[in-house]
Amino acid sequence: MAWMNPGFDSPWVHENIEIYRRIENLLIWVDFLFWYTQTMKTKFILHGGMTSQDNPNNDSFFAEFSKDLKNGDTVLYVPFARSGPNEQQEVFGRDKKSILKHTDKQLYIEKAELNTFIAQLENADAVFVTGGTTKILKERLLTCPEFAELIKGKFYAGSSAGANVISQFHTSGFAEGI
């Protein structure tokens, strides 16, 4: 019979073919669920801020973020905590260099834009949310109510405000409160 494993010839299987097929289908489903839960976990790497400084803690942060990424992965860089486009472009350039400096992989790092943010999140393998002003970042992320759902199964690095926005409780040295 074509559905049987090669060399597998059991009288029980012949007599209980429907049960065997159901068990076989169930095992395939269990294998899929195991694979799905193992591959769809979100990895969060959170950092207190000041990533512009050259120090071992920042080196560890950038290295940890990129270590499980694969060649060709897309990193969506989210600078929305920064007030204007010039400042956003400046930190994007700086942090892009730091991310690439701490990996030997070929990564594509794309700067997020509010008008294409949902599509960019859907296509990204990893998300890097930089620091700045938490209040500004929250306001901008509210334009994408699907944000929490769209980062599931991805690598998420958050520095300062980028760590604050995914925390239930946070505090800041700039009197934003808890």
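Refer to the structure above for everything that follows.
Residues numbered from 1 in each chain as written. Predicted model: local features only at pLDDT ≥ 70, side-chain atom pairs only at ≥ 80, totals over all residues. Heavy atoms only, no water.

Colleague: Any chance you could break down the sheet that holds strand β3 (residues 108–111) for me, citing the residues and the numbers?
Modeller: Ordered by their spatial adjacency, five strands build an open sheet running β1-β5-β4-β2-β3, and the pairing between neighbours is parallel. Of all strands in the sheet, those with a lone pairing partner are β1 (43–47) and β3, marking the two edges. Taken pair by pair, the neighbouring strands of this sheet meet at an average axis angle of 15°, ignoring direction. Sheet analysis places strand β2 (residues 74–78) next to strand β4 (residues 126–129), joined by four bridges and oriented parallel. Residue L76 lies in a different strand from β4, and its bridge partner there is V127. This element, helix α3 (residues 56–67), spans β1, β2, β4 and β5 (155–159) of the sheet and lies at about 165° to β1. (Pairing = 2+ DSSP bridges. Helix = DSSP H or I, 4+ residues; strand = E, 2+ residues; numbered from the N terminus. Axes fitted to C-alpha atoms, helices over the stretch in contact; angles between N-to-C directions. Contact = heavy atoms within 4.5 Å.)

Colleague: I'd like a rundown of helix α6 (residues 134–141), residues and numbers included.
Modeller: Along an α-helix, residues three or four positions apart point the same way, because every turn accommodates 3.6 residues. T134, L137 and L141 are the residues of α6 that are buried. End-on, the buried residues of α6 take up no more than an arc of 65°, which puts them together on one face. Contact partners of the buried residues in α6: α5 (117–123), β4, α7 (147–150) and α8 (161–164). (Buried < 20%, exposed > 50% of the residue type's maximum accessible area, 1.4 Å probe, protein only. Arc of directions from axis to C-beta.)

Colleague: Which residues make up the pattern of salt bridges, and what values go with them?
Modeller: According to the stated counting rule, one finds seven salt bridges in the structure shown. Among the ionic pairs, K43 bridges to E64, the shortest N-O distance being 2.7 Å. Taken together, the residues K43 in strand β1 and E64 in helix α3 connect sequence positions 21 residues apart. A relative accessible area of 29% means that E64 is categorised as partly exposed. D95 is the salt-bridge partner of R94, the closest N and O atoms lying 3.0 Å from each other. Through salt bridges with shared partners, a single network forms among K43, E64, K67 and D68. (Salt bridge = Lys/Arg side-chain N within 4 Å of Asp/Glu carboxyl O.)

Colleague: Please provide a residue-by-residue account of the pairing of β3, values included.
Modeller: Only one face of β3 is buried: it carries I109 and K111, and the other face, with Y108 and E110, is open. Of the pairings in the sheet, the one linking β2 to β3 comprises four bridges and is parallel in character. Pairing of Y77 across the sheet is with K111, part of β3. Viewed along the sheet, the connection from β2 through helix α4 (residues 85–101) into β3 turns out right-handed. (Right-handed = clockwise from strand over helix to strand, strands pointing away.)

Colleague: Account for the nonpolar core, with residues named and values stated.
Modeller: Counting 18 residues, the largest nonpolar core has V78, F117, L121 and F147 as the members making the most contacts within it. Not counting the four nearest positions on each side in its chain, L121 is found in contact with L76, V127, C144, F147, L150, I151 and K154. (Core = buried A, V, L, I, M, F, W, Y, C linked by side-chain atoms within 4.5 Å.)

Colleague: A description of α4 should follow, citing residues and the corresponding values.
Modeller: With 17 residues, α4 extends 24 Å between its outermost C-alpha atoms, agreeing within 8% with the 24 Å of an ideal straight helix rising 1.5 Å per residue. As for α4, its buried residues are in contact with α3, β2, β3, β4 and α6. (Expected span 1.5 Å × (residues − 1).)

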